[in-house]
Amino acid sequence: MRKIFLGLSLLTVLVAGAQKKTNPTTFGKSITADDLKRHLYIVAGPEMEGRNTPSPGLERAATYIENQFKSFGLLPGNNGTYRQFYPLYKDSITGSSLKVNGTAFTADNDYQVNAMTSYNASLRLGEAVFVGYGIVDGDVWNDYKDVNVAGKIVILANGSPANYKTTATGFSSPANLNAKIRNAQTKGAIAVFVVADNFPRKPIVSGGNYQLNGYAASVYPQVVNISEKVVAQIIGADGEGILAKLKAGNAPSKAYKAKIDFSVNKVTKEEPVSNVIGIVEGSDKKDEYVVVTAHYDHEGIRADGTIYYGADDDGSGTVSVIEMAEAFAKAKAAGKGPRRTMVFMTVSGEEKGLWGSEYYGNNPVFPLEKTSVNLNIDMIGRIGSDYTGKDKDSLNYVYVIGDDKLSTDLTPVTDIANKYVKLKLDKRYNDINDKNRFYYRSDHYNFAKNGVPAIFYFNGVHADYHKPTDTPDKINYPLMAKRAQLVFYTAWEIANRDDMMKRDLKLEIPGR
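Residues numbered from 1 in each chain as written. Predicted model: local features only at pLDDT ≥ 70, side-chain atom pairs only at ≥ 80, totals over all residues. Heavy atoms only, no water.

With respect to helix H6 (residues 228-235)
Which entries qualify depends on this criterion: Only protein chains enter the accessibility calculation, which uses a 1.4 Å probe; a residue whose area is less than 20% of its type maximum is buried, one above 50% is exposed, and one in between is partly exposed. Numbered from the N terminus, helices here are DSSP runs of H or I no shorter than four residues, and strands are runs of E no shorter than two.
Inspection of H6 places Val 230, Val 231, Ala 232, Ile 234 and Ile 235 among the buried residues, and these make up the whole buried set. Downstream of H6 by a residue or two, Gly 236 has a phi angle that is positive, lying close to 70 degrees.

Spelled out as structure tokens, the structure:
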């Protein structure tokens, strides 16, 4: 019995080793330029109308991807369905009013509210506090120094005084309007009236933009843009020419008595969109996962009928995921399937703010701690501007971003995979100081920030980036096929290795 047992054990090891060493080129080469082209002329065709999130075109694209997964024999990736639906929320203003000391003001002529910065409310307050520019910057500057704004309306101006200096820029600057609103919130203000001199204004669309997070952890104060005329009605003579007085340094922070009636009404629309998920189940390590992603959404269609086709961004990634899914399904059918479960996912809402991958990261179908890697494809069908006519490798390169982050296994496995296709692997955007911040701008980041090792494959921006001219006829299909094959071989190596990818590097995030 002992001899028989040892023999069977040895046979099991040999079989596992044979499977691990299966030559993947038969399946990798099934990812062809012709097949990619056939899929892309559909995914980035006029019927999809630019695949905006949400839109009927996006839904048509999702249905196409789902049908491809079904035809290959992929299993549904989300508890019996190929879709992971998530809700989007859109607020629309239905009415507003503002009256000060009995004087009624008119929306757009004297004040303006925005659906994104307002909520249903009816306020009747007897005091408002003017706080100049509303800047708080440690010991350097504090416009709230001698006033209490808790439960009150704060009045402030955008911009900053001439004698205020800061090295911080953009959203990090204490003079940024968002920073001012946060300060008002921290100090307990119930509303922020922002003084502007560009009234009357054109009416803004009553409906705001869609957003992923319909239930905020905390609510900003009401934000209302008001004219100097409204300010003068609230604070009297001190408010006459208030912006000029601010520039001259003659407008100190001060509380003012006034009868202020303000109301706003809005409604919220909820719209479902989805990620599309199909799987090829693994064998002895099927409870561990390799996730391959691309975003299938783009910029949509404009009111004049102009379509933003998004062939490269990210039709190229979407159809590459489709082709890789088919290649792994063929390997499975041939008895050469992966040891780990392959998860093929096309996500929506990337162009709006990585919505689909963020939702997945917060609501993973497969445990993130058991996800060995995320391989994310976002634009691999074109020649980027850094290579066009400038480099001998312009027809044989790809940017590999992130293989130096989170896992020391990523670079070696990439090099192994590249032996099959011999691309130039350009890693310039691994630089922590990359001004483009590419590593933080595509869907892999919502895996990486949750600890999952990730690589982002990219061809760089070009003249048609985010323009209607990003069309399927401009794609370099043979080059795209090689790039997709690189991702396939990388996924193959990771899916069939003995161990999950190590998580032995700390993710560095600039500015933190």
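What to know about the layout of surface pockets
Quick note on the threshold: Lining residues are those with an atom within 4 Å of a point, where the points come from a 1 Å grid over the protein atoms alone and group into cavities, where a 1.4 Å probe fits but cannot get out, or pockets, open sets with protein on both sides within 12 Å along at least five of seven lines. Grid points are joined across faces, edges and corners, and a volume is the space filled by probe spheres set on the points. Residue classes follow a fixed rule: Ala, Val, Leu, Ile, Met, Phe, Trp, Tyr, Cys and Pro count as nonpolar, while Asp, Glu, Lys and Arg count as charged, and any other residue, Gly among them, counts as polar.
Of the pockets and cavities examined, the largest pocket occupies roughly 710 Å³. Lining the largest pocket we find 26 residues, and of these Asp 91, Met 116, Gln 211, Ala 216 and Lys 266 sit closest to its centre. Mapped onto the lining of the largest pocket, the elements with two or more residues apiece are strand S2 (83-100), helix H5 (177-186), strand S10 (222-227) and strand S11 (254-280). Taken together, the residues that form the lining of the largest pocket break down as 13 nonpolar, 10 polar and 3 charged.

Notes on empty space enclosed by the protein
Summed over the entire model, instances satisfying the criterion amount to 1 cavity of 30 Å³ or more. Space inside the largest cavity adds up to approximately 50 Å³. Along the walls of the largest cavity sit Lys 405, Tyr 429, Asn 430, Asp 431, Ile 432, Asp 434, Arg 437, Phe 438, Tyr 439, Tyr 440 and Pro 510, which together make up its complete lining. Partitioned by chemical class, the residues of the lining of the largest cavity number 6 nonpolar, 1 polar and 4 charged.

Some thoughts on the environment of Lys 202
The test is simple: Any two residues whose heavy atoms approach within 4.5 Å at even a single point are treated as in contact.
Looking at the secondary structure, you find Lys 202 in the loop between strand S9 (191-196) and S10. By relative accessible area, Lys 202 is classed as exposed at 74%. Separated by 94 residues in the primary sequence, Lys 202 and Asp 108 have C-alpha atoms spaced 6.5 Å apart. Non-local contacts of Lys 202, meaning those with residues more than four positions away in its chain, are made with Asp 108 and Gln 112.

Digging into the packing of aromatic side chains
Heads up, the condition is: Aromatic pairs are defined between Phe, Tyr and Trp rings, using the six-membered ring for Trp, whenever the two ring centres lie within 6.5 Å; interplanar angles under 30 degrees are classed as stacked, those over 60 as edge-to-face, and all others as tilted.
This model, assessed by the stated rule, comprises 24 aromatic pairs. Taken together, a centroid distance of 6.4 Å and an interplanar angle of 75 degrees make the contact between Tyr 439 and Tyr 445 edge-to-face. Judged by relative accessible area, which is 1%, Tyr 439 ranks as buried. Given a relative accessible area of 12%, Tyr 445 falls into the buried group. On the numbers, 5.8 Å between centres and 45 degrees between planes, the contact of Phe 488 with Trp 492 is tilted. With Phe 488 and Trp 492 both in helix H13 (residues 477-496) and 4 residues apart, this pair spans about one turn of that helix.

A few points about helix H8 (residues 311-333)
Which entries qualify depends on this criterion: Expected helix span is taken as 1.5 Å per residue step, with the number of steps being one fewer than the number of residues.
With 23 residues, H8 should cover 33 Å at 1.5 Å per step; its first-to-last C-alpha distance of 31 Å lies within 8% of that length. Counting buried positions over the 23 residues of H8 gives 20, a clear majority of the element. One or two residues past the end of H8 sits Gly 335, with phi positive at roughly 80 degrees.

Some thoughts on the pattern of salt bridges
Cut-off, in case you're wondering: Throughout this description, the term salt bridge denotes a Lys or Arg side-chain nitrogen within 4 Å of a carboxyl oxygen of Asp or Glu.
Counted under the stated rule, the structure contains 26 salt bridges. With a closest N to O distance of 3.2 Å, Asp 409 and Arg 497 form a salt bridge. Placement of the pair is Asp 409 in the loop between strand S17 (397-401) and helix H11 (410-418) and Arg 497 in the segment after H13, with a sequence separation of 88 residues. Note on Asp 409: relative accessible area 8%, which makes it buried. Through salt bridges with shared partners, one network takes in Glu 59, Glu 66, Lys 70 and Arg 83.

Things to note about the confidence of the model for the chain
Stated formally: Confidence of the predictor in every single residue is expressed as pLDDT, which spans 0 to 100.
Per-residue confidence for the chain averages 93 on the pLDDT scale, and 95% of its residues sit at or above 70. pLDDT under 50 marks residues 1-20. Its contacts with residues more than four places away, or in other chains, come to 9 contacts.

Looking at the nonpolar core
For clarity, the cut-off: For our purposes a nonpolar core is just a set of buried Ala, Val, Leu, Ile, Met, Phe, Trp, Tyr and Cys residues, chained together by side-chain atoms within 4.5 Å.
Residues Phe 69, Met 342, Phe 344 and Phe 488 are the most contacted members of the largest nonpolar core, which totals 87 residues. For this core, the element with the most residues is H13, which contributes 13 residues. Dropping the residues within four chain positions of it, Phe 488 is found in contact with Pro 24, Phe 27, Gly 28, Ile 31, Met 324, Ala 327 and Phe 328. Of all hydrophobic cores here, the second largest spans 36 residues; its members include Ala 157, Phe 193, Val 224 and Val 264.

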